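One letter stands for each residue in the lines below.
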Amino acid sequence: MSDGNPPGVWPSAPDTSARVDLGRCSRRGWRGRDREWQVIAGLLRAAVSGRGGVLLVEGESGVGKSRLLAEAVEAAAGLGFVLARGTADESTQLAPLKPLMSAFGESTQTLLGSRGITPADMRLRLVDELQARLENRAADGPHLVTLDDLQWADPMTLLALRSLIPELASYPLVWILSRTIGSGGSGLDRLYEVLERDGATRLMLEALGDQAVAEVITDMLDVAPDPELLALAAGAGGNPFLLMEWLEGLRDEGAIEIRDDHARLVSRRLPRRVQEIVRRHCEDLSSPTRHLLQVAAILGRCFDANDLADMLGEPPSRLLPALEEAESARFVVPAGDQLAFRHDLLWRAVAETVTASMRQALHRQAAQMLLERGGSAIPAAAHLMRSMRPGDTAALEGLDRAVSEVLPSSPQTAADLAVRALDLTAPSAPGRFDRTVTAVYALAAAGRLAQAAELARTALSQTTLPEQTSQLRYVLAYVLMLAGRPEEAVAQARSALSQPDLSGELGGLTEQVLFQALFASRDRRRGRERAQTIVAAAERHDPPARVGAHILLAGIDWAEGRAADAIGHLREAVRIASGGPIQAQHAHPRLLLANALTSMRQLGEAEAVFQAVDQEITALGHTAYAASPAICRARLRLASGRLDDAAAEAEAGLAMADQLGMHAFDFLGLAVLAIVAACRGDIDTATRHAELYRSRRQAGQGELYGRVWCEWGMALVTEARAGPDKAIDAISATIAIATERQWLLMSEPGAAGWLTRTLLAAGDRSAAETIVVTAERLAEDNPDFPTLAASAAHARGILHRDLTALARAAATHVGPWDRASAAEDLGVLHAHAPGGSGHDAAIHSLDQALQDYQQTGALRDAARVRARLRKLGIRRRHWRQPERPVSGWDSLTDTERNVATLAAQGLTNPQIATQMFISPHTVKFHLRQVFRKLDVGSRVELARLAADHISDM
């Protein structure tokens, strides 16, 4: 491990009576880092008082990053922190979560063993379980987590850090992450950028200054350097490792003498590069020790003595003399139950003494040794990636094993391995087709959908076998559907189904993808007859095909205005999927059912179904849909009039989609955020979300569901920004098509009234009449859903200036925003009554609208109603009760106060979510608001403040 330090495994807290001087900035072995130490000391002091923090360290190799982490660990241990230390390593970078697992003393088995199920994709569950363990531990006191050499971190580690660090920000948990600049890839760059934007301190470790260099020399030689020695030392560039290696070399060779209490050079030899230093040192070693180190360098920065013995073909006991010589020469140091090169630069330099062809051969030998030993194929894969040649059958089989093993926990790594294996497989090789399909699946799971589709298309052009063609077309259709390109998915699925010898299982899966893609397309009726045939002869078809058929028929019924039939089909699809194979469940009919119930304002049942969807997706490991529950639940929160919760869910879902590279539901999330911002009166923010929505649409990033509803949301934002004429232009194409118009009015009860009002304002009464006729027909055809009757009454009241209809809408609309909108329209109509006869009734209705708008946080709408009341001679304050302050306990909303109280009692975010029937994402959002309003940064401070507030009551 870095600096020879083994990883920490959550040991018992050290004796808290130890005293640590956090003010110390300079001492022997620790020079020139005053600024850096002040940052670390500040983080540790804050954690002692209950606040967490994040430090992002970066610098060139040898500049002292690992030493900085070691100093932080030493100080934190003296303060009673619980410690966790992990290091990434080139030889283990294919092992998912290796740095975090070693730091926390966990493994995949310990994290998931209690759950029993092994899903296809374990990423979500691994991160959730790791977060739960950390949250429980962090609640007991301050912790320090150091992770070194993250330039070697695997994609899953970066994903986990991006989730864990913000989620646990309110605990006394200090994270120090370190990386070498110029390496690590875009994923690590993105992690640093995201964490820095969220408040992390980013620290570039610079070269030592002249004074610090002089102090280092004095520490090593016990006397100060003379000017000539100091000037020559500048050749090390202020790099502590190079400087010390140079000094040791000079001292060992007798090139330095002490005279008049100063060190001076006897020879004028300039500082050497580290490679030259290592080569010179290696020449001083015996041949067996030199060869042992070269082989060890192939195994990695850290290596196991047994692996080294196997590579050399010797029993471990025969290695003792060489290992002792290597340790005495300070090439290697103990690192837990392994050995490690003392420094990254030292390791690299030793490896570079081996020729490229010999390095390749040694990597091949290491891979073969590990594969023959059995167990995990992942360690061998790291060597195979550096040594494989085209057509190496045994090596390719080893990579196949590694792909299969790593796919559930790190699809990104699996995709890289699978693509590499495919590149090394001859076009005519027997295993090429299977490797192609595996690579496509891995790329899709990793969110690299364009690459997956391209690979599938290339494979299609290279095969003529019907069975292979059908399977590739199915896989391609699945990828295209996830990418939001339903029309192309339909074409590929139809082509696959046209093959006469399509197997039953593959046929059923292809039918399901076809029906899902048709559901997401504009012309759903193309598959009606096929779906009806499958439903009518259910016993002759596999569950995936039946699930897909019911989904499509639900979409057709919905578009044609039959809500009960549509929901019935979705309930049947849920029933079939629940008892069918995993592939049938991947269509997630529960998600569609929850969305339909949200549209019909069956909000309680919708909430319960969304919770089941969340659990289902996590249990199945279907990461392609991982962001969908949060994003779709955001629309449920919007329908409930909970704008803050809607924004929290949408932001959380979009963040997860960004992390996982799955963007099928992004448009729905962006539309929710745009609508929330518009309702709040933040038109600039609403416009930014709308512009991002449109730019992604223009780039061809289609969506799976919610397109029509999203277009209405964009029109609502356009109306707020540019007026009714522009708004109608934005949505005219949608409402001109009967099925699209009906779909919208079925999906959004507020749309009928809004469209009627906006069309009239734009001077298009004919189109407004069409909206009213459509809404009334939907209400008549769906008597079991009162929300459609309220919607129709609202639209009719606006068009025909019907007081009775508007009063009925204001009383029966379920959502507070919808109710407020109808009450406002009723108030406006009363206000225009002849002779002022409706003055009092207008005030009453507008007051009702104002109350509901304020309750939801729709500030723009509330401001408009207050302006209407002023015209009637009535002035209303922003709040009916005394105005809420902007900070302090009294500034908290009811939800924020409940969240704050539970957090102060020690409940974790998931526990709070369970008790309040909201999601952990929403809890995190509200806690951020609580911390901002109360000016606290941790649960410890929150608990103190809550206790003081309760005692004063």
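The structure presented is a predicted model; accordingly, all values stated were derived computationally and were not measured.

**Side note on the overall build of the chain**
Within the chain one finds 48 helices and 11 strands. Taken over C-alpha atoms, the radius of gyration comes to 33 Å for the chain, in line with the 30 Å a tight globule of 953 residues would show. If one aligns the C-alpha atoms of the chain with their principal axes, the spans along those axes are about 110 × 75 × 45 Å. Put simply, the chain has 953 residues, and 57% of those count as buried. Considering only residue pairs separated by 6 or more positions, the chain has 68% of its internal contacts joining residues 24 or more positions apart. Split by element, the accessible area of the chain, about 38,100 Å² in all, is 50% carbon and sulfur. In the chain, which carries 103 positive and 117 negative side-chain charges, the distance between the mean positions of the two groups comes to 4 Å.

**Examining the packing of helix α31 (residues 628-639) against helix α33 (residues 666-680)**
As a packed pair, α31 and α33 sit with axes 8 Å apart at the nearest point and diverge in direction by 30°. By the angle between their directions, the pair α31 and α33 is classed as roughly parallel. As α31 packs across α33, the resulting crossing turns out to be left-handed. On α33, the residues touching I631, C632, A634, R635 and L638 of α31 are D666, L668, G669, V672, I675 and V676. Taken together, the residues of the contact of α31 with α33 sort by class into 8 nonpolar, 1 polar and 2 charged.

**Overview of unusual backbone geometry**
The phi torsion at R330 lies on the positive side, around 65°, for a residue other than glycine. Here R330 lies in the loop between α14 (320-328) and β10 (332-335).

**Remarks on the layout of surface pockets**
Put simply, the second largest pocket is a space of about 1,100 Å³. Counting only elements with at least two residues in the lining of the second largest pocket, the list comes to α3 (98-104), α4 (108-112), β9 (302-303), α16 (356-373), α17 (378-387) and α18 (393-406). It is α17 that provides the largest number of residues to the lining of the second largest pocket, a total of 4 residues. Classifying every residue of the lining of the second largest pocket by side-chain character gives 17 nonpolar, 14 polar and 8 charged.

**Re the sheet that holds strand β5 (residues 201-204)**
Pairing between sheet strands relies on hydrogen bonds along the backbone, with the strands arranged either parallel or antiparallel. Read across the open sheet, the 5 strands follow the order β2-β3-β4-β1-β5; overall the sheet is parallel. The sheet terminates laterally at β2 (82-87) and β5, the two strands that pair on one side only. Within this sheet the neighbouring strands show an average axis-to-axis angle of 15°, counted without direction. By the bridge criterion, 4 bridges tie strand β1 (residues 53-59) to β5 in an arrangement that is parallel. Its bridge partner being in β5, E58 is matched across the sheet by M204. Across the sheet, helix α7 (residues 185-197) is in contact with β1, β4 (173-180) and β5; its angle to β4 comes to roughly 145°.

**Notes on the packing of aromatic side chains**
Considering all chains together, one arrives at 7 aromatic pairs under this definition. An angle of 70° between the planes, with centres 5.9 Å apart, marks the rings of F519 and W743 as edge-to-face. You can see F519 sitting in helix α24 (residues 504-520) and its partner W743 sitting in helix α37 (residues 738-747), a full 224 residues away along the chain. Neither F519 nor W743 differs from the other in exposure class; each is buried. Ring geometry for W712 and W754: centres 6.4 Å apart, planes at 85°, overall edge-to-face. Of this pair, W712 sits in helix α35 (residues 707-722) while W754 sits in helix α38 (residues 749-761), and the two are 42 residues apart along the sequence. Side by side, W712 and W754 carry an identical accessibility label, which is buried. Taken together, W709, W712 and W754 form an aromatic cluster joined through their ring pairs.

**Topic: empty space enclosed by the protein**
A probe as big as a water molecule, rolled over the atoms, marks out the empty space that is left. Enumeration according to the criterion identifies 3 cavities of 30 Å³ or more in this entry. Size it by volume and the largest cavity reaches roughly 350 Å³. F519, N595, Y705, G706 and W743 are the residues nearest the centre of the largest cavity, which is lined by 23 residues in total. Among the secondary structure elements, those contributing two or more residues to the lining of the largest cavity are α24, α26 (543-559), α27 (563-579), α29 (589-599), α31, α35 and α37. Counting residues per element, the lining of the largest cavity draws most heavily on α29, at 4 residues. Here the lining of the largest cavity is built from residues that sort into 15 nonpolar, 5 polar and 3 charged. Here the second largest cavity is characterised by a volume of approximately 160 Å³.

**Focus on the pairing of β1**
Burial analysis of β1 places 7 of its 7 residues in the buried class, the great majority of the element. Every second residue of β1 is oriented toward a common face, with G53, L55, V57 and G59 on one face and V54, L56 and E58 on the other, all of them buried. Of the pairings in the sheet, the one linking β1 to β4 comprises 7 bridges and is parallel in character. Each bridged residue has a counterpart across the sheet, and for V57 the counterpart in β4 is S178.

**Looking at the environment of D140**
Examined against the element boundaries, D140 turns out to sit in the loop between α5 (123-138) and β3 (143-148). Take D140: its relative accessible area is 70%, and that puts it in the exposed class. Sequence separation of D140 and P172 is 32 residues, and the distance between their C-alpha atoms is 9.0 Å.

**Focus: α16**
Between its terminal C-alpha atoms α16 stretches 26 Å, which fits the 26 Å expected from 18 residues at 1.5 Å a residue. The set of residues buried in α16 consists of L362, H363, A366, A367, M369, L370 and L371. Lining the buried residues of α16 we find α12 (287-299), α13 (305-312), α17 and α18. Of the residues trailing α16, G374 is marked for its positive phi of about 85°.

**What to know about the environment of A538**
With respect to the helices, strands and loops of the structure, A538 is situated in the loop between α25 (528-536) and α26. Along the chain, A538 and G568 lie 30 residues apart, while their C-alpha atoms are 16 Å from each other.

**A word on the nonpolar core**
Counting residues in hydrophobic clusters, the biggest one holds 257 residues, and the most contacted among them are L100, W175 and L177. Here this core takes 12 residues from α33, the largest share from any one element. Ignoring any residue separated from it by four or fewer positions in sequence, one finds W175 in contact with G53, V54, L55, L100, F104, L134, V145, L147, L161, L164, I165 and L168. Core analysis: the second largest hydrophobic core is formed by 25 residues, W30, W37, F81 and L144 among them.

**Structural notes on the confidence of the model for the chain**
On average, residues of the chain carry a pLDDT of 88, and 94% of them reach 70 or more. Counting contacts from residues 1-18, a segment whose pLDDT is below 50, to residues more than four positions away or on other chains yields 60 contacts.

**Regarding the pattern of salt bridges**
Scanning all chains against the criterion turns up 61 salt bridges. Its salt-bridge partner being D894, residue R897 comes within 3.3 Å of it at the nearest N-O pair. Taken together, the positions of R897 and D894, both in helix α45 (residues 894-904) and 3 residues apart, correspond to about one turn of that helix. Connected through shared salt-bridge partners, E58, R179, D189, E196 and R202 make up one network.

What counts as what
Residues numbered from 1 in each chain as written. Predicted model: local features only at pLDDT ≥ 70, side-chain atom pairs only at ≥ 80, totals over all residues. Heavy atoms only, no water. Helix = DSSP H or I, 4+ residues; strand = E, 2+ residues; numbered from the N terminus. Rg over C-alpha atoms; globule rule 2.2 N^0.38 Å. Buried < 20%, exposed > 50% of the residue type's maximum accessible area, 1.4 Å probe, protein only. Contact = heavy atoms within 4.5 Å. Areas by Shrake-Rupley, 256 points an atom, 1.4 Å probe, with all protein chains shown as cover. Lys, Arg positive; Asp, Glu negative; His and termini not counted. Charge placed at Lys NZ, Arg CZ, Asp CG, Glu CD. Axes fitted to C-alpha atoms, helices over the stretch in contact; angles between N-to-C directions. Parallel < 35°, antiparallel > 145°, perpendicular 65-115°, else oblique. Left-handed = near helix turned anticlockwise from the far one by under 90°. Nonpolar A, V, L, I, M, F, W, Y, C, P; charged D, E, K, R; others polar. 1 Å grid on protein atoms, 1.4 Å probe; cavity = no way out; pocket = protein on both sides within 12 Å on 5 of 7 lines; lining within 4 Å. Points joined across faces, edges and corners; volume = space filled by probe spheres on them. Pairing = 2+ DSSP bridges. Phe/Tyr/Trp six-rings, centres within 6.5 Å; stacked < 30°, edge-to-face > 60°. Expected span 1.5 Å × (residues − 1). Core = buried A, V, L, I, M, F, W, Y, C linked by side-chain atoms within 4.5 Å. pLDDT = per-residue confidence, 0-100. Salt bridge = Lys/Arg side-chain N within 4 Å of Asp/Glu carboxyl O.

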